[in-house]
Each structure stands twice: as structure tokens, then as C-alpha cells.
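Report on the structure
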Amino acid sequence: MTNKKPWLYLAAIAALLLLLKYSDALLGGVRLLATLLTPLLLGCAVAYVLNIIVTRIESLPPLRDPSSRLYRVRRPISIVGALVGITVIVALLVIIIPQLADAFRVVLLGVPPAVNSFLNWLDTLDLSQPQLEEWLRALNVNWPDLFKRATSYLTSGVGNVFNSAVSLLGALGGTVMQSFIALIFALYLLAGKDRLNRQFHALADTYLPERFTRRLWYLLATAHDTFTRFFVGQFTEAIIIGVLCTLGMALFRLPYATMIGTLVGATALLPVVGAYLGAGIGAFMILTVNPLQALGFLIFIAVLQQLEGNLIYPRVVGTSIGLPGIWVLAAVTVGGGIGGIAGMLLAVPVTATFYRLLRTDVQRRQAPPAGPQD
């Protein structure tokens with residue numbers, strides 16, 4: 001029998017050489033294909049998001065009852081309801097984004113005066129400590145220049161975030177046609193999702209091994225359940241926290257109530273770090289007006305966080321992702337380092353999906369084998 005391994009190695013080397021030689025053409029073809037598929041992939045993403053709303057509307061009693069008159073038209077009604085919900089969300093974003101921009105503007109304008117006030121306060125103190133002064137001189141640190149660089153870094157960092165947001169909005173404005181095509185494709189997917197689901201299952205059952213398809217459907221079902229519960233719970237919680245923060249600040253007559261409430265609600269989308277980020281920026285904004293009110297704001301936020309952690313979060317999000325806090329923090333840290341804010345949002349449900357799959361597999365492997373039944 002002829003040994004086929006040398007020929008396989010030669011074929012692999014030849015294919016690799018061809019790939020290297022025509023790499024530019026291949027990359028150009030990949031870019032062209034990605035450009036052509038972008039509206040369709042975006043449409044799949046839009047359909048997935050809209051399907052979360054469609055599924056919940058279809059689960060309402062008047063639409064899920066086969067004897068109801070609305071049962072036959074449940075899909076069009078659900079799609080229209082989902083589009084109305086997305087329209088409301090977009091309208092809220094149109095209101096929220098200017099508030100966030102104003103909040104960043106207040107921070108940018110408030111950093112330099114706050115630093116100058118702190119330096120002037122230090123000058124008024126009588127700090128006659130010879131050992132401390134000698135130690136500071138030994139460090140050979142130019143403190144005014146250090147504060148100046150820190151201020152410049154903070155302002156430029158916030159400015160870069162704002163500029164990135166503006167650039168993103170501009171890029172989105174330039175892809176109106178792709179977004180329109182994606183929306184139409186998403187509506188077609190939603191209208192025929194039951195038939196497409198049956199077709200995909202039929203293809204998988206026909207051409208793939210049964211064991212592989214069983215694991216594939218379990219993986220997709222687990223990921224879908226985790227992503228859906230996480231995003232629905234997180235967005236609901238963010239809206240509740242933002243509204244409560246705005247109303248509470250207005251009740252206690254704290255400055256920048258609408259801007260800070262919007263900011264706290266937006267940062268609440270980020271697990272773990274969002275609460276501290278929103279509280280810190282909001283306290284700094286109020287500090288530029290009244291330090292005593294800034295302290296009162298921190299106390300109010302602490303009480304609100306306790307209310308959120310003990311009452312709102314368990315009821316709204318609950319144990320939806322089933323991920324321990326240490327892994328949530330690790331996922332947010334790694335995801336933020338890789339993909340920024342989007343990475344933070346996606347890292348938690350992705351990690352939770354792998355955590356659930358791994359936990360189930362470990363429990364299955366550690367389970368005692370079933371003995372012979374008497």
C-alpha cells in the first residue's frame with residue numbers, strides 16, 4: 001500500500017506557498033466578500049435583537065392562545081411591536097446622547113479649576129515638616145508640571161472618548177443604505193424564522209453526525225439564553241437606576257440631576273465597574289459647584305446601590321447569567337482591554353456561556369456511574 005503522507009505534506013507546502021504568493025489578491029477578495037456580506041451580517045444581528053422583543057410579545061396571552069383571533073397574525077403584530085420598541089429606544093438615545101455630551105463638557109471645564117483650587121489650598125496650609133520637605137526634595141519631582149501633565153492627560157482622555165463617539169456617529173451616518181438593507185433583511189428573517197429554523201435543523205440532521213448536532217444545538221441554546229437574559233436584565237436595570245437617580249437628585253435639589261442621572265444609567269450597563277464610574281464622575285461634577293452636595297450625592301448613590309443590589313438586581317436580573325463576581329470582574333477587565341466598552345458588554349455573557357457549559361460538563365463527568373438496577 002502506497003504511503004500517502006509525503007504527498008499530503010507536499011500538497012500542504014504547495015498550498016501554503018500559493019497562499020503566500022497570492023496573499024494580496026486573497027486579502028482583497030476577503031475584503032470584498034466582507035463588504036458584500038456586511039449588510040446581511042448586520043441584518044442577522046438586528047434580527048437577533050428584534051427577536052428578543054418579538055418572542056416576548058408573542059408570549060402574551062392574547063397572542064399565544066390558538067383559539068384567539070390574533071393568533072394567526074401574531075407574527076406581524078409582534079414585529080410591528082418590536083419596531084415600535086426600537087423606535088422608542090432610538091428616540092431615548094437622541095435625548096440621552098446630548099445629556100452625556102453636556103456631562104463630559106462639564107467635566108472638561110471643571111478639571112483645571114479644581115486642580116488650581118487644590119493647589120491654592122495646599123499653599124494656604126502651614127506644612128512645616130522638615131523631614132517631609134527633605135524627602136520631597138530628594139525625589140526631585142516637579143509637582144506643578146506633574147499636575148499639569150495629569151490634567152492634560154485626563155482632559156485629552158475624555159476628549160478622545162468624546163471624539164471617538166462623534167466619529168462613530170459620523171461613520172454610522174455614512175452607512176444609511178447598508179442599515180436600510182440590513183433592516184429589510186432582518187424583517188424577512190423574523191417573518192420566516194420558523195421555516196428557517198426547520199430548514200437549518202434538517203440540513204444539520206442530514207449532513208452532520210447526530211452527536212455533533214446535539215452538542216451544537218445545546219451550545220447555541222445555552223448561549224442564546226445567557227445573552228438574552230443578560231442584555232434584557234442589564235438594560236432594564238440601567239433604565240430603572242437612571243430614572244431613580246434623576247428623581248432622587250431632583251428631590252434633594254442636587255445640581256445636574258438630569259445629566260448625572262443619564263450618566264449613571266448609561267454606566268450601569270457596564271457590570272461591576274459601571275456603578276463606581278458613574279458615581280465618581282457625578283461626584284466630581286457636583287464638586288465643582290458645592291463640595292458638601294458632592295458628599296451628599298455620594299451618600300445618596302451608596303443608598304441607591306444598596307437598594308439596587310438587594311432589591312432591583314435580584315428581581316430584574318437575578319441569577320440570569322450564573323457567573324460568580326470574580327469572573328464577572330475578570331471578564332470586564334479582559335473584555336475592556338480587548339474591545340473597549342463593547343468588549344465589556346460582550347465579555348460577560350460570553351464568559352457566562354462558557355462557564356455554564358464547563359460547569360455542566362464537570363458535573364456530568366463527576367457524577368457517579370449509574371449502577372445496575374435491581
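The structure this text deals with has already been given above.
Below is a summary of the structure that appears in this document. (Residues numbered from 1 in each chain as written. Predicted model: local features only at pLDDT ≥ 70, side-chain atom pairs only at ≥ 80, totals over all residues. Heavy atoms only, no water.)

Quick look at the side chain of Thr222 now. Note on placement: Thr222 falls in helix H9 (residues 210-251). On the basis of relative accessible area, Thr222 is assigned to the buried category, the value being 6%. Non-local contacts of Thr222, meaning those with residues more than four positions away in its chain, are made with Thr353, Arg356 and Leu357. (Helix = DSSP H or I, 4+ residues; strand = E, 2+ residues; numbered from the N terminus. Buried < 20%, exposed > 50% of the residue type's maximum accessible area, 1.4 Å probe, protein only. Contact = heavy atoms within 4.5 Å.)

As a further point, take H9. Over its 42 residues, H9 runs 61 Å from end to end, which matches the ideal 62 Å to within 8%, given 1.5 Å per residue. Two residues or fewer after H9 comes Arg253, characterised by a positive phi angle close to 55 degrees. (Expected span 1.5 Å × (residues − 1).)

The next subject is helix H11 (residues 273-287). Since the α-helix advances by 3.6 residues per turn, residues separated by three or four positions end up pointing in the same direction. Between its first and last C-alpha atoms H11 spans 21 Å; for 15 residues at 1.5 Å apiece the expected length is 21 Å, and the two agree. All buried positions along H11 are accounted for by Gly274, Gly278, Ala279, Gly282, Ala283, Met285 and Ile286. Looking straight down H11, one finds that the buried residues subtend no more than 155 degrees of arc, so they occupy a single side. (Arc of directions from axis to C-beta.)

So, about a nonpolar patch on the surface. A cluster of nonpolar side chains, Ile13, Leu16, Leu17, Leu19, Leu20 and Leu26, forms an exposed patch at the surface whose accessible area comes to about 600 Å². In terms of residues, the nonpolar patch owes the most to one element, helix H1 (residues 5-21), which gives five residues. Among the structural elements, Leu20 can be located in helix H1. (Patch = residues over 30% accessible without salt bridge, like charges linked within 9 Å, V, L, I, M, F, W, Y side chains within 5 Å. Areas by Shrake-Rupley, 256 points an atom, 1.4 Å probe, with all protein chains shown as cover. Salt bridge = Lys/Arg side-chain N within 4 Å of Asp/Glu carboxyl O.)

So, on to the nonpolar core. The nonpolar side chains of soluble globular proteins are, as a tendency, buried together. Counting residues in each nonpolar core, the largest one holds 18 residues, and the members touching the most others are Cys245, Met249, Ile260, Phe297 and Ile301. Every element with two or more residues in this core is listed here: H9, helix H10 (257-267), H11 and helix H12 (291-316). Of all hydrophobic cores here, the second largest spans 16 residues; its members include Phe231, Ala268, Ala331 and Leu345. (Core = buried A, V, L, I, M, F, W, Y, C linked by side-chain atoms within 4.5 Å.)

Once that is clear, we can look at the packing of aromatic side chains. The tally for this structure, following the rule as stated, stands at three aromatic pairs. Measuring from ring centre to ring centre gives 5.9 Å for Phe252 and Phe300, while their planes differ by 65 degrees; the resulting arrangement is edge-to-face. With Phe252 in the loop between H9 and H10 and Phe300 in helix H12, this pair connects stretches of sequence that are 48 residues apart. Among the residues examined, Phe252 registers a relative accessible area of 52% and is labelled exposed. By relative accessible area, which is 15% here, Phe300 ends up buried. Three or more aromatic residues link up through ring pairs in this structure, and these residues are Phe227, Phe230 and Phe231. (Phe/Tyr/Trp six-rings, centres within 6.5 Å; stacked < 30°, edge-to-face > 60°.)

Here we come to the pattern of salt bridges. Evaluation of the coordinates by the stated rule reveals six salt bridges. Ionic pairing is found between Asp225 and Arg229, a salt bridge with its closest N-O pair at 3.2 Å. Of this pair, Asp225 and Arg229 both sit in helix H9, four residues apart, which is roughly one turn of that helix. Under the relative-accessibility criterion, Asp225 is labelled partly exposed at 23%. You can call Arg229 partly exposed: its relative accessible area is 43%. The shortest N-O distance in the salt bridge between Asp361 and Arg364 comes to 2.7 Å. With a gap of three residues between them, Asp361 and Arg364 both fall in helix H13 (residues 325-366), about one helical turn apart. Assessed through its relative accessible area of 25%, Asp361 is described here as partly exposed. Linked through salt bridges whose partners overlap, the residues forming this network are Glu58, Arg75 and Asp194.

In this model, the second largest pocket occupies a volume close to 810 Å³. Lining the second largest pocket we find 16 residues, and of these Tyr48, Asn51, Lys193, Asn197 and Phe200 sit closest to its centre. Listing elements by their share of the lining of the second largest pocket, those giving two or more residues are helix H2 (23-58), helix H7 (176-191), helix H8 (193-207) and H9. Of all the elements, H8 adds the most residues to the lining of the second largest pocket, at six residues. Its residues assigned to classes, the lining of the second largest pocket comprises ten nonpolar, four polar and two charged. (1 Å grid on protein atoms, 1.4 Å probe; cavity = no way out; pocket = protein on both sides within 12 Å on 5 of 7 lines; lining within 4 Å. Points joined across faces, edges and corners; volume = space filled by probe spheres on them. Nonpolar A, V, L, I, M, F, W, Y, C, P; charged D, E, K, R; others polar.)

Our focus in this paragraph is the packing of H10 against H11. Interaxial distance between H10 and H11 falls to 8 Å at its minimum, and their mutual angle equals 160 degrees. If you check the angle between H10 and H11, you find them roughly antiparallel. With respect to the hand of their crossing, H10 and H11 are arranged in right-handed fashion. For the pair H10 and H11, contact is made by Met259, Ile260, Leu263, Val264 and Thr267 and by Gly274, Ala275, Leu277, Gly278, Ile281, Gly282, Met285 and Ile286, respectively. (Axes fitted to C-alpha atoms, helices over the stretch in contact; angles between N-to-C directions. Parallel < 35°, antiparallel > 145°, perpendicular 65-115°, else oblique. Left-handed = near helix turned anticlockwise from the far one by under 90°.)

Turning our attention to unusual backbone geometry. One non-glycine residue, Arg253, adopts positive backbone phi at about 55 degrees. Given a relative accessible area of 72%, Arg253 falls into the exposed group. The backbone phi angle of Tyr256 is positive, close to 55 degrees, even though this residue is not glycine. One can find Tyr256 in the loop between H9 and H10.

Nothing here speaks to function; it is geometry throughout.
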